[in-house]
Amino acid sequence: MPVLLAPERAPALGQLLEAADTVGLKPDILTLPAQVGDPRQVPIAGIGSLTSSGQSEISFLSNPRLQDQLPGCAAAAVILRPEDWEAYRARHAIAPAWIPVLCAQPYLLYALLAQWFDQHRLAGLPQGIHPSAIVDPDAVLADGVHVGPLTVIEAGARVGAGARIGAGCIIGAGCVIGPDSLLHARVTLYHGVRVGARAILHAGVVLGADGFGFAPDHRNPGMWAKIAQLGGVVLGDDVEVGANTTVDRGAIEDTILEDGVKLDNQIMIGHNCRIGAHTAMAGCVGVAGSTTMGKRCMIGGAAMIGGHLTFADDVHISGGTTVMSDVLEPGRYTSVFPLAEHTTWQRNAAVIGQLAQLRKRLRAAERQAAMRQPMQNSQDSR
Amino acid sequence: MPVLLAPERAPALGQLLEAADTVGLKPDILTLPAQVGDPRQVPIAGIGSLTSSGQSEISFLSNPRLQDQLPGCAAAAVILRPEDWEAYRARHAIAPAWIPVLCAQPYLLYALLAQWFDQHRLAGLPQGIHPSAIVDPDAVLADGVHVGPLTVIEAGARVGAGARIGAGCIIGAGCVIGPDSLLHARVTLYHGVRVGARAILHAGVVLGADGFGFAPDHRNPGMWAKIAQLGGVVLGDDVEVGANTTVDRGAIEDTILEDGVKLDNQIMIGHNCRIGAHTAMAGCVGVAGSTTMGKRCMIGGAAMIGGHLTFADDVHISGGTTVMSDVLEPGRYTSVFPLAEHTTWQRNAAVIGQLAQLRKRLRAAERQAAMRQPMQNSQDSR
Amino acid sequence: MPVLLAPERAPALGQLLEAADTVGLKPDILTLPAQVGDPRQVPIAGIGSLTSSGQSEISFLSNPRLQDQLPGCAAAAVILRPEDWEAYRARHAIAPAWIPVLCAQPYLLYALLAQWFDQHRLAGLPQGIHPSAIVDPDAVLADGVHVGPLTVIEAGARVGAGARIGAGCIIGAGCVIGPDSLLHARVTLYHGVRVGARAILHAGVVLGADGFGFAPDHRNPGMWAKIAQLGGVVLGDDVEVGANTTVDRGAIEDTILEDGVKLDNQIMIGHNCRIGAHTAMAGCVGVAGSTTMGKRCMIGGAAMIGGHLTFADDVHISGGTTVMSDVLEPGRYTSVFPLAEHTTWQRNAAVIGQLAQLRKRLRAAERQAAMRQPMQNSQDSR
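Scoring rules and cut-offs
- Residues numbered from 1 in each chain as written.
- Chains lettered and ligands numbered in written order.
- Predicted model: local features only at pLDDT ≥ 70, side-chain atom pairs only at ≥ 80, totals over all residues.
- Heavy atoms only, no water.
- Least-squares fit on C-alpha atoms with pLDDT ≥ 70 in both.
- Contact = heavy atoms within 4.5 Å.
- Buried < 20%, exposed > 50% of the residue type's maximum accessible area, 1.4 Å probe, protein only.
- Helix = DSSP H or I, 4+ residues; strand = E, 2+ residues; numbered from the N terminus.
- Right-handed = clockwise from strand over helix to strand, strands pointing away.
- Pairing = 2+ DSSP bridges.
- Buried area = accessible area lost by both parts, 1.4 Å probe.
- Salt bridge = Lys/Arg side-chain N within 4 Å of Asp/Glu carboxyl O.
- Polar contact = N/O pair within 3.5 Å; in protein donor to acceptor, adjacent residues only side chain to side chain.
- Nonpolar A, V, L, I, M, F, W, Y, C, P; charged D, E, K, R; others polar.
- Phe/Tyr/Trp six-rings, centres within 6.5 Å; stacked < 30°, edge-to-face > 60°.

Engineer: Describe the relation of the copies chain B and chain A, naming the residues involved and giving the relevant values.
Structural biologist: With an axial shift of 0.0 Å and an RMSD of 0.1 Å, the rotation relating chain B to chain A amounts to 120 degrees. Each copy turns onto its partner about a three-fold axis. Relative to the rotation axis, the closest C-alpha in chain B is found at phenylalanine 337 of chain B, a distance of 3.6 Å. Mapped onto chain A, only 19% of the interface residues of chain B again fall at the interface, so the copies present different surfaces.

As structure tokens, then:
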């Protein structure tokens, strides 16, 4: 499975480490005494885990607890931290069958190699405009822009150099897409949405649909008057948005995702939100309207954040947590009812409705004990 | 940002208030003593908040707590209630730089003006059928229907006068779309879905997919036999459905959204549900199958409503709340575990699994105290 | 409503029961003494509930609690268990107006008849490739494959015999779709996704988008390096996936849905998950990455399952439940805060933050009581 390239396209290990964007990581390929040939010349056709890799793949040890998998690993090379390599040598007299690649950040190096393989495993994506795409004459496409089949680009839209727009996308009037952005198939941008450089937008993403705003229509009691949503959606650079995620346009001002925000699938960002730089949200999160989130927040899956709230920087919200108030200090926050076997849950949940009363009863019991206390003492002193 | 129209297209204030559908609201433009010129002639190019508006925009005060923003407001005009204007005059000796527009319902008036600007800010949407649309000869389109590029309309579908269908929509066989409805890009209607007048359906909406129904297949234990979903989906008039929301078709009867229902994004309405008129649901709500909801209910974001339930009219469910039983009285209902810093949460959550036992222990302590009570009295009487 | 076929296309009851795939169910059509004509010849144009069926429909009693609806049922025939028919005869002197069809599994028989009607009520779906579809010359389509308008099939994709692909789908490079699968409109498969036989994929489904994986980029503190997702998505046979549900591709290995898995709408399956055969999930469920679920699990709506967890076979999770730990024993599990009227909820929720403290106070009260206990005894013995 993890073999990604045909043998004739597999790079040599040394070449791969240079080709990938490993600036600052300085991976060090060791030559073991018993080794035959130059380890830099070993061909690497893919990436695998310690247990699944075969003789043409590179693997990595990022979690020291998986050290026991090293002796049996069948990969051609393994990326690991110098201290983990020392620990391996201290525990094993025999040299491993794989080439050690030392690096202080194995997980990051793995990420960068995976990016390289991802770019090279597929036949190069087509360049140019597919003849079935419908591009308005008033749209402006920079050089090297790719537009897939059956994509619509409306008037006034501007697409930056090197951007790739997949099949079946709709780019609304006046949208701006930054250079080197990648829109997978079937992304929908309403009019006037602005996307920064190097964005990755996945299939089913909808940016710029109307925020949910209605005024009670006092002329027709019980009915709603729509509040037209006049703002836009603005994404900074290096933003990724997962499949079927939606970000609504603002009521008056814009809804904003700052640089480096990463959203997983099935997320909903309400109108007028501002999500701070490099904040990451796992799948199924909802953020109601007008909430401002700080930088580098991490929001666990299916967490639900209320509207008109303020989050500090570096707030971590556990998965499944509901937040109904500001979170002004960094830290981790949780609000999950603990799981239990159903009948146990029933027994304990039945007490929840009596908690305030139980507290009162406990207070009464304490008062009673306190009242008796002197009497008891007087007995003790008898 | 909130400037929406070029100067030459900006209406005069008096003209704007007449052009918008403000019947019954009777906005009153005041002429202040110090003012130069006719306030009705001031051009208004957009709408802004009290803090963001500039000299060509109109703003509004709907929340009296924002009154402190009035003196510094740079808008051309501000909509506010007569009593808020009186309060302003009582507190400030100097007339404001903006024109007061008095109206008993500033938020509703803002909504109506925003609608007007939304309709006028974009170049008129194209009329007619885009040549790339694939319209079955057996579909019936009324006069003035617009169909965007790459949209498919299947046999037997009927589209009412003035309806606009965006790019990349799929309208299944036999669907009915009411007059003046707006389908944004990439809406999918399965066969036989019926949509009323003036609907607004956002991108990614799917109406009429199969409800989730399976019978245990006793011939193949552990396996499921699909229950084909033979009902449909019916939307009343004035329904709005948010981006990527899904409403499933009924098993035998129809799934129904009554007049004026408003659904936000990422909502799931299960098969055979009936949602009462003017009920509104915020994003990420799920309603399981066969639940009947009353009129004018309000369901907070990410609330999850079980199946086969009945809700009265005017039920409000807080965001993040799970409902597993009928709610037969109007009112507000909640079921959210309170948020806490994670270690505090851990400490308190650990007690949840002991609640039934704690109640028992408290009862024992109370009984013991009660038993001692007479004895204590006898001691008192010593 | 439940009439599905025009009178001239309605099959006779006997014919219908033979045509539907009722192998092993052996339905038995009774002839009642008072009946005129052969009950097997009665035409059946549709299926309805006991209360909604008219004279040309068949109905069924699967829930014995609905027995009171039998006498007033206006259907042409009713499927029921032999024991329910005996109970009916014991309680009613007069024969019903409907023909009894005895079957040990009425709900399953209903499911199979509904399948038959669903296949026959629509004019036959078009065969062949719609001229507007864009099929790469290097894609391989078996005989009898139908491809709807404006669908894109990329290079190297293979589609099995009898598969139907709806309008506006995108089938990525190298995908495999098994025979007799049905893709409704607007399904998106990223490159290399493999779908088994007889799959049903609903509109808005996205299979194979990138899993959510980022490594902290130590060279740029606070920023994220994308982990390219090199694995795929593999679906077994007989899998159904609901509207707007997403299944992400694996980081290194594949994300897998085994045979017979049934997913409702708006579900999110994270990368590297393995969902066991015949497991069913209701709408809005989220499963974070690398979780392995056993066979025949049932996950209630909006349940949220954490990542890197293991579930046994036959685990049932209640709707709205959050799971943050392994579930290694079959059974039903729940974690829902009980619903209450809002002010009652507020009162009780306020105690949650004091639970650990309350437990401590209760212990103190118990210790105090225990300390007094001997003293009390000594008093008793006075």
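From this point, the discussion proceeds with the structure in view.
Engineer: How would you explain the pairing of strand E5 (residues 99–102) of chain B if you had to name every residue and give the values?
Structural biologist: Side chains Ile99 and Val101 of chain B project from E5 of chain B onto one buried face, and the interleaved Pro100 and Leu102 of chain B project onto a second face that is buried too. Chirality of the crossover, the property in question, places the unit of strand E4 (residues 77–80) of chain B, helix H2 (residues 82–91) of chain B and E5 of chain B among those that are right-handed.

Engineer: I'd like a description of the relation of the copies chain C and chain A, backed by residues and values.
Structural biologist: When chain C is fitted to chain A, the residual RMSD is 0.1 Å, and the transformation amounts to a turn of 120 degrees plus an axial shift of 0.0 Å. Different-surface contact between copies: only 20% of interface residues of chain C are shared with the interface of chain A.

Engineer: Which residues make up the sheet that holds strand E3 (residues 57–60) of chain B, and what values do they have?
Structural biologist: All names here are of chain B. Reading across the sheet, the five strands line up as E1-E5-E4-E3-E2 and stay open at both edges, with mixed pairing between neighbours. Of all the strands in the sheet, the pair left with one neighbour each is strand E1 (28–29) and strand E2 (46–47). Across two bridges, the pairing between E1 and E5 is antiparallel. Within the sheet, the bridge partner assigned to isoleucine 29 lies in E5 and is valine 101.

Engineer: Please give an account of the sheet that holds strand E35 (residues 331–334) of chain A that cites residues and values.
Structural biologist: Sheets are built from strands that pair by backbone hydrogen bonding, the pairs being arranged parallel or antiparallel. Pairing is mixed in the open sheet, where 11 strands are placed in the order E8(A)-E11(A)-E14(A)-E17(A)-E22(A)-E25(A)-E28(A)-E31(A)-E33(A)-E35(A)-E36(B). Strand pairing shows two members of the sheet lacking a second neighbour, strand E8 (146–147) of chain A together with strand E36 (340–341) of chain B, which therefore form its edges. Alignment of strand E28 (residues 280–281) of chain A against strand E31 (residues 298–299) of chain A, held across two bridges, turns out to be parallel. If you follow alanine 280 of chain A over to E31 of chain A, its bridge partner there is methionine 298 of chain A.

Engineer: Can you explain the interface of chain B and chain A? Please cite residues and give values.
Structural biologist: Of the residues lining the interface, 81 residues belong to chain B; the matching set on chain A comes to 75 residues. Buried surface at the junction of chain B and chain A, summed over both partners, amounts to about 6400 Å²; 64% is from carbon and sulfur atoms. Viewed at the interface, chain A and chain B are joined by two salt bridges. The salt bridge involving glutamate 366 of chain B is made with arginine 361 of chain A; its shortest N-O contact spans 2.8 Å. Run the count over chain B and chain A and you get 28 residue pairs in polar contact (both at pLDDT 80 or more). Among the elements of the structure, helix H3 (106–121), strand E25 (262–263), strand E28 (280–281), E36, helix H4 (342–352) and helix H5 (355–380) of chain B are those that each provide at least two residues to the side of chain B that touches chain A. A per-element tally of the side of chain B that touches chain A places H5 of chain B first, with 12 residues. The class makeup of the residues in the side of chain B that touches chain A is 41 nonpolar, 25 polar and 15 charged. Pairing of E35 of chain A with E36 of chain B involves two bridges; the strand directions are antiparallel. The residue of E36 of chain B that forms the bridge with tyrosine 333 of chain A is glutamate 341 of chain B.

Engineer: Hey, could you go over the interface of chain C and chain A for me, with residue numbers and the actual values?
Structural biologist: Bring the parts together and some accessible area is lost; that lost area is often taken as the interface size. Tallying the contact residues gives 75 residues for chain C and 81 residues for chain A. Around 6500 Å² of area is buried between chain C and chain A when both sides are counted, 63% of it from carbon and sulfur atoms. Across the contact surface, chain C and chain A share two salt bridges. There are 28 residue pairs in polar contact (both at pLDDT 80 or more) connecting chain C and chain A. Those elements giving two or more residues to the side of chain C that touches chain A turn out to be strand E18 (206–210), strand E19 (214–216), strand E20 (224–226), strand E23 (246–249), strand E34 (322–323), strand E35 (331–334), helix H4 (342–352) and helix H5 (355–380) of chain C. Of the residues forming the side of chain C that touches chain A, the biggest block, eight residues, is contributed by H5 of chain C. The class makeup of the residues in the side of chain C that touches chain A is 38 nonpolar, 23 polar and 14 charged.

Engineer: For unusual backbone geometry, give the residues involved together with the corresponding values.
Structural biologist: Excluding glycine, residues mostly carry a negative phi; peptide bonds, for their part, are mostly trans. In this structure, serine 290 of chain A is a non-glycine residue whose phi angle is positive, near 65 degrees. Among the secondary structure elements, serine 290 of chain A is positioned in the loop between strand E29 (286–287) and strand E30 (292–293). Residue serine 290 of chain A is classed as partly exposed on the basis of its relative accessible area, which comes to 24%. Its identity as a non-glycine residue notwithstanding, aspartate 238 of chain C has a phi of 60 degrees, on the positive side. By secondary structure assignment, the location of aspartate 238 of chain C is in the loop between strand E21 (233–235) and strand E22 (240–241). According to the relative accessible area criterion, aspartate 238 of chain C is partly exposed, its value standing at 25%.

Engineer: An account of the pairing of strand E4 (residues 77–80) of chain C is requested, with residue identities and associated values reported.
Structural biologist: All names here are of chain C. Burial along E4 is two-sided: the residues Ala77 and Ile79 and Val78 and Leu80 are all buried. Across four bridges, the pairing between E4 and strand E5 (residues 99–102) is parallel. Bridge assignment links valine 78 to a residue of E5, and that residue is proline 100.

Engineer: If you had to explain the side chain of histidine 342 of chain B to someone new, which residues and values would you point to?
Structural biologist: Structurally, the position occupied by histidine 342 of chain B is in helix H4. Here histidine 342 of chain B is in contact with Ser318, Arg332, Tyr333 and Thr334 of chain A, once residues within four sequence places are set aside.

Engineer: Run through the pattern of salt bridges, naming residues and quoting values.
Structural biologist: If you walk through the whole model with that rule in mind, you get 46 salt bridges over all chains. One salt bridge connects arginine 296 of chain C with aspartate 314 of chain C, and the closest N-O pair in it is separated by 3.0 Å. Taken together, the positions of arginine 296 of chain C in the loop between strand E30 (292–293) and strand E31 (298–299) and aspartate 314 of chain C in the loop between strand E32 (304–305) and strand E33 (315–317) put the pair 18 residues apart, joining distant regions of the chain. For arginine 296 of chain C, a relative accessible area of 30% gives the class partly exposed. Judged by relative accessible area, which is 28%, aspartate 314 of chain C ranks as partly exposed. In this structure, a network of salt bridges that share partners links the residues Arg81, Glu83 and Asp84 of chain A.

Engineer: Help me get a handle on the packing of aromatic side chains, residues and values and all.
Structural biologist: Residue and element names in this part refer to chain B. The final tally for this structure, using the stated rule, is 30 aromatic pairs over all chains. Measuring from centroid to centroid gives 4.0 Å for phenylalanine 60 and tyrosine 110, while their planes differ by 10 degrees, and the two rings are stacked. Highlighted residues: phenylalanine 60 in strand E3 and tyrosine 110 in helix H3, separated in sequence by 50 residues. Pair check on accessibility: phenylalanine 60 and tyrosine 110 agree, each one buried.

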